Each structure stands twice: as structure tokens, then as C-alpha cells.
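Descriptive analysis of the structure
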Amino acid sequence: MKCFKLGLVAMAMMLCGSAQAKVDLKIVRGEVDTVYNKTHYVVGVTNVGNRAYVNGDRVHVYKTGSFAAAVELKEGPNTISVIVDDTMGEVEKILNVYYSTNRPEKLFTSRQAKKELQRSKMKKRDFNAVSKKGAYLQYGDGDDRLGGSKMGYVTEGIVFKVVGEKGDLYKVQLSQNRYAFMEKEYLEPTEEEVETVTTGSWRVANKGDYDQVYISLPKRLPYHYWTELDPTRICIDVFGAMDNSNWMTQYFDTEIIDYVDFNQVESDVYRVIIKLKEKYSWGYSVDYSGTSLVINVNHAPQPTIKGMVIGLDAGHGGKHPGAISASGLKEKDVNLSLVNEVKALLEAKGAKIVMSRDGDQGPTMGERKKTFKDAGVDLMISIHNNSGGSPLSEMGSCTAYKHVSDRALAVAMQKRLVELGHKNFGVIGNFNFSLNAPTEYPNVLLEVLFMSSLPEEEKLADVQYHKKVAKQVVLALEDYLNEVKASKK
């Protein structure tokens, strides 16, 4: 049998050419007592080169040793035979699976039930609280594995009026007509009052690596920021502010800012409008200096890989393995291998690379973001692999972004990944992943393939395939930078 190089799968599974001392069989999915779906997936792992049969039908054994079958169950008890064999013998496992069409209602422990009840009811509250470092606003009280949908981060020292409580969240009043939600841990009760104030003078100037908008205010107020396209603008709503900015001084030396303006969209909502000279944004930050609002808008780097500072994030790591494939392949190892291949190609083109981890470390999301922010990266790419769906189907690639200004980068990545023959699993906007939240630099997350798909697991186990993926990532980045160049003409 021709040997196949699988650099990340355990060597015990990868013996080529010689007869095995025994026939190994491990069931990794499908060995359950009761199920409620008619189609039942059985996934197993055996020695490479063995034959596998499920209910007498031969199934394909991948070069990882993984195999799978979809079994259509009848209502009631079912017996599933799984056999693997080679020239030395065979081994069989019998799975007894009961298929019921009566799915039980979800049962909760008393503790879970109490938590669900707390989350489902909004309690009225009436007190003021000040924001702590790391605080962020959520649009609503929804939740999923990535948390509630984030509006954006806010600086510490802002006083909010708390009007409600639901589970781990406070409902805060931003203005007369607008509300948001915040994690309780980021708010601390205060005697300081919430009040509506008037804005002071503006100053817009070139500060070297960035243009700065400085807006005088008598106190720190809540704010919400976002980007818009066509024309490219940065907008910030400041809550509890009324216009009295009779001096908006704009110097001619600004490099990225075309002009600034404001709009009193509600009696107590003041909108800051920053029009950019270029189609593509290279990041900005919103913060306070004392009580004055400061927006720093990054100047564009040269649109070429040479000389760029690029952040690369290998998802998971340390005690967080990520998804684990049928044959035992760990997502954290695949992600790091892919990142290392991208790193080598980018460095060969003259880029400086900043990595969130270079081994089996497990930095937190906050630590990863700090690494990239402190290094002043020009952009960041986070590499992951997905999980879910049928083990027999190729699921494909997807790319994700949070801010619409990063959509073009995500689209460029997706187009190049599907050129490898990957199915198009989509470009995902408003993605609530922590590393997509920063606005200080363009960023995108790649879900290269699915660890749970056996045909895609086979590709991900091959280090030579990692080189192909890395080449496409670099081509995508060049495509994006060529778009940037063309927009300047």
C-alpha cells in the first residue's frame, strides 16, 4: 500500500505497508442507547488499509483510518453491525440503538431551571453605575456560544443609568429613547448623576501615524461607533450630548480624514461623522482623554505585503484543543500548522509577522488582542477549522468579519479558499467572535474546513495540503491589497 504522509495524525494509526498485529476498531460516534432522528451516523476508526463494513455494506476508509455510514433506522430497537478486517482477521462490534419518535421535553435540574427563569424575566432597577475597564455594550439580552451581539467596547469611567436586570445583564438607558445591555461584572454602583451636557470645540489634526479628532466634553458619556461604506465614514453616537461646538477646527495636513461633521439625531444623541479620503479604512480607536472624546484614525500603510506588520492567530491552544476529528486530530495543532505555513510565505515577501502563539500555549482572547494592539499590526488573520454537520459530507470554507469595513478582506479570502475545490460555506458578517471586535486594524477569521467531515479531515491531516491553503491565503491578501491600490487611482 502506498504510504501517505499525514504529519499530524498519531503514528500508531499511520503504519504503511506491513501487516498489522491486530485489527483495531474504535467507534467514535453512534454508540448510543436511544436516538430521536431516523438517520443515524456511525463513525469509526481502524488501521489504515483495512476494510470496513456497516450492516454488511462496505464503506470507504480514509487515509486517516476514519470511516462512516448513515444508517436509516426503523422505529424501535435496531441492531447495527460494524466489521473491519484485513488479511490477518476481522473484528466486529454490534451497536444496539433504539429509535423513538417521541422526543422528550428538555429537562432541567433545579439549578438550571432557576437560571433559565432568571434569564427569562426582566426585573426593574433604578440606580446609576460606572463602567469598568473592558466594558462593552450589547444590542439586546440574547445569548449564544459567542455571547450576546455586541455593539462595541466603551471606556471606563462612564456613568450609566441602570433600569433593568436580567440574568447576568443590566439594562442601561443610553438616551431618552435608546437602551442597551451590559454584563453586570463591568458596572459598579455610583452616586454620580447621569446628565445631559453640551459639547465643546473640536480639533482635527495629523498626529504622525494617525489623524486625530478631539472633541471637548465636560464629562465622559456613553457612545456607540460603527463604519459605513460608499462613502467611507466613521460614525460615533454620543449619548446625553447636545451640540454647542461652535468651533470645529480642521487642519489641512490630515492624511486619511477628508472632513468632519455632526448631526443632532435626537435631542440627547449627538452623532460625530468622520468622512475618509480613501475607500478602505485601516483602523481607528475611540477613547477618552480626561473627559474629552478622542478618535484616532490610522493612516494607510503602503498597499504591499513588503514592510507590513501582519498579525496571525492560531485558534485555540493549551488546554483548549478546539474540535477533535474522528481519528484524534486536534484543531489547535492544525491551526498552528496552517499559521506557520502562512507565516513562512509572508516573511519571504518581506512582512513582519506577529503571532498570538507560536506553540501549544493558550492565551486568552484579551491577551491575543493586546499582543496585536501593542505591536501596531496593520491587519490580522485568525485561522480556525469548523465542526458540525454530516461526517460524510464536505462542508467547505467560510470567512467571518464583524465590521463592514472588513468585508472586502473577508470576501477576498473566501474566493481564494473555494478555488481549492472547497464548498462555499459563506461569508459571515457581524460575527460576534472576540478577535473580530477590534476596530484598530482590519481583521478576518477563516474557518478553513470541517474537522468533523471525514473527507475534509483527510485533507487537514496532510501537511502538504496546509501549504496549498497558505498559498491561497497569501494570494487573497495580495488580491485585497491590489483592490486598495486600484481605489487610489
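Residues numbered from 1 in each chain as written. Predicted model: local features only at pLDDT ≥ 70, side-chain atom pairs only at ≥ 80, totals over all residues. Heavy atoms only, no water.

Here we come to the overall build of the protein. In terms of regular secondary structure, the protein is built from six helices and 32 strands. Expressed as lengths along the three principal axes of its C-alpha atoms, the size of the protein is roughly 90 × 60 × 35 Å. Residues counted as buried form 51% of the 489 residues belonging to the protein. When the 63 positive and 62 negative side-chain charges of the protein are each reduced to one mean point, those points stand 2 Å apart. (Helix = DSSP H or I, 4+ residues; strand = E, 2+ residues; numbered from the N terminus. Buried < 20%, exposed > 50% of the residue type's maximum accessible area, 1.4 Å probe, protein only. Lys, Arg positive; Asp, Glu negative; His and termini not counted. Charge placed at Lys NZ, Arg CZ, Asp CG, Glu CD.)

In this section: unusual backbone geometry. For the bond running from aspartate 230 to proline 231, omega is 5 degrees, close enough to zero to count as cis. Positive phi, close to 65 degrees, is recorded for histidine 316, a residue that is not glycine. Mapped onto the elements, histidine 316 comes out in the loop between strand S27 (309-314) and helix H2 (331-348). Backbone geometry places asparagine 430, a non-glycine residue, at a positive phi of 50 degrees. Note that asparagine 430 resides in the loop between strand S31 (424-428) and strand S32 (443-450).

Bringing the sheet that holds strand S3 (residues 39-46) into the picture now. An order of S1-S3-S6 is seen for the three strands of this open sheet, with the pairing classed as antiparallel. In this open sheet, the two edge strands, each paired with only one partner strand, are strand S1 (25-29) and strand S6 (66-72). When strand polarity is set aside, the average angle formed by the axes of neighbouring strands in this sheet is 30 degrees. Taken together, the seven bridges between S3 and S6 define a ladder with antiparallel strand orientation. Paired with valine 43 across the two strands is alanine 68, which belongs to S6. (Pairing = 2+ DSSP bridges. Axes fitted to C-alpha atoms, helices over the stretch in contact; angles between N-to-C directions.)

Take the packing of H2 against helix H6 (residues 463-488) next. Running from N to C, H2 and H6 point in directions that differ by 55 degrees, and their axes come no closer than 8 Å. As the angle between them shows, H2 and H6 are arranged oblique. Both H2 and H6 take part in a crossing whose hand is right-handed. Note on element contacts: H6 touches H2 through His466, Lys467, Val469, Ala470, Lys471, Val473, Val474 and Leu477, opposite Val334, Ser337, Leu338, Glu341, Val342, Leu345 and Leu346. Across the contact of H2 with H6, the residue classes break down as ten nonpolar, two polar and three charged. (Parallel < 35°, antiparallel > 145°, perpendicular 65-115°, else oblique. Left-handed = near helix turned anticlockwise from the far one by under 90°. Contact = heavy atoms within 4.5 Å. Nonpolar A, V, L, I, M, F, W, Y, C, P; charged D, E, K, R; others polar.)

Core analysis: the largest hydrophobic core is formed by 45 residues, its most contacted members being Trp282, Ile310, Leu346, Ile381, Met413 and Leu477. Residue assignment for this core shows that the elements contributing at least two residues are S27, H2, strand S28 (352-355), strand S29 (379-386), helix H4 (407-418), S32 and H6. Sort the elements by how many residues they give to this core and H6 lands first, with ten residues. With near-sequence residues (within four places) excluded, methionine 413 lies in contact with Ile381, Thr399, Val444, Leu446, Val473, Ala476 and Leu477. In terms of nonpolar packing, the next biggest core, distinct from the first, is built from 44 residues, Ile236, Val269, Val272 and Tyr288 among them. (Core = buried A, V, L, I, M, F, W, Y, C linked by side-chain atoms within 4.5 Å.)

What follows concerns the pattern of salt bridges. Counted by the stated rule, this structure contains 22 salt bridges. Residues aspartate 85 and arginine 51 are paired through a salt bridge, measuring 2.9 Å at the closest nitrogen-oxygen approach. Here arginine 51 lies in strand S4 (residues 51-54) and aspartate 85 lies in strand S7 (residues 76-86), a separation of 34 residues in the sequence. A salt bridge links lysine 332 to aspartate 360; the shortest N-O distance between them is 3.1 Å. With a gap of 28 residues between them, lysine 332 in helix H2 and aspartate 360 in the loop between S28 and helix H3 (365-375) connect regions that are remote in the sequence. A relative accessible area of 7% means that lysine 332 is categorised as buried. (Salt bridge = Lys/Arg side-chain N within 4 Å of Asp/Glu carboxyl O.)

What follows deals with the packing of aromatic side chains. Note on aromatic pairs: each is described by the distance of the centres and the angle between the planes. Taken as a whole, this structure holds twelve aromatic pairs when the rule is applied. Each ring, one from tyrosine 136 and one from tyrosine 186, has its centre 5.7 Å from the other, and the planes form 55 degrees; the classification is tilted. Of the two residues, tyrosine 136 sits in strand S10 (residues 136-138) while tyrosine 186 sits in the loop between strand S14 (179-183) and strand S15 (187-189), which places them 50 residues apart along the sequence. We note that tyrosine 136, like tyrosine 186, is buried. On the basis of an interplanar angle of 70 degrees and a centroid distance of 5.0 Å, the ring pair of phenylalanine 425 and phenylalanine 450 is categorised as edge-to-face. Placement of the pair is phenylalanine 425 in strand S31 and phenylalanine 450 in strand S32, with a sequence separation of 25 residues. (Phe/Tyr/Trp six-rings, centres within 6.5 Å; stacked < 30°, edge-to-face > 60°.)

In this section: the sheet that holds S31. Within the open sheet, the six strands sit side by side as S28-S27-S29-S32-S30-S31. Their pairing is mixed. What marks the edges here is a single partner per strand, and that holds for S28 and S31. For this sheet the average axis-to-axis angle between neighbouring strands, irrespective of direction, equals 20 degrees. Docked against the sheet, H2 engages S27, S28, S29 and S32, running at close to 145 degrees with respect to S29.

This part takes up H3. Those residues of H3 that sit buried are Arg368, Lys369 and Phe372. Projection of H3 onto a plane perpendicular to its axis shows the buried side chains occupying an angular sector of 95 degrees, all on one side. Turned more than 90 degrees from where H3 packs its buried face, Lys370 and Asp374 sit exposed. Tucked inside the fold, the buried residues of H3 contact strand S11 (150-153), S27, S28 and S29. With its phi angle positive at about 65 degrees, glycine 376 sits one or two positions after the end of H3. (Arc of directions from axis to C-beta.)

This next bit is on the packing of H4 against H6. Direction vectors running N to C along H4 and H6 enclose 140 degrees, while the axes themselves pass 8 Å from each other. Considered as vectors, H4 and H6 are oriented oblique to each other. Note that H4 runs across H6; the crossing there is right-handed. Contacts between H4 and H6 involve Ala408, Leu409, Ala412, Met413, Arg416 and Leu417 on the former and, on the latter, Val469, Gln472, Val473, Leu475, Ala476, Leu477, Asp479, Tyr480 and Glu483. For the contact of H4 with H6, the per-class residue count stands at eleven nonpolar, one polar and three charged.

This part covers the pairing of strand S26 (residues 292-298). Across the seven residues of S26, six count as buried, placing the element largely inside the fold. Sheet topology places strand S18 (residues 210-215) next to S26; six bridges connect them, and they run antiparallel. Across the sheet, residue tyrosine 214 finds its bridge partner in S26, namely valine 294. Linking strand S25 (residues 284-289) back to S26 in an antiparallel pair, the connection comprises two residues, with glycine 290 at a positive phi of about 65 degrees.

Worth remembering: the numbers are spatial, not functional.
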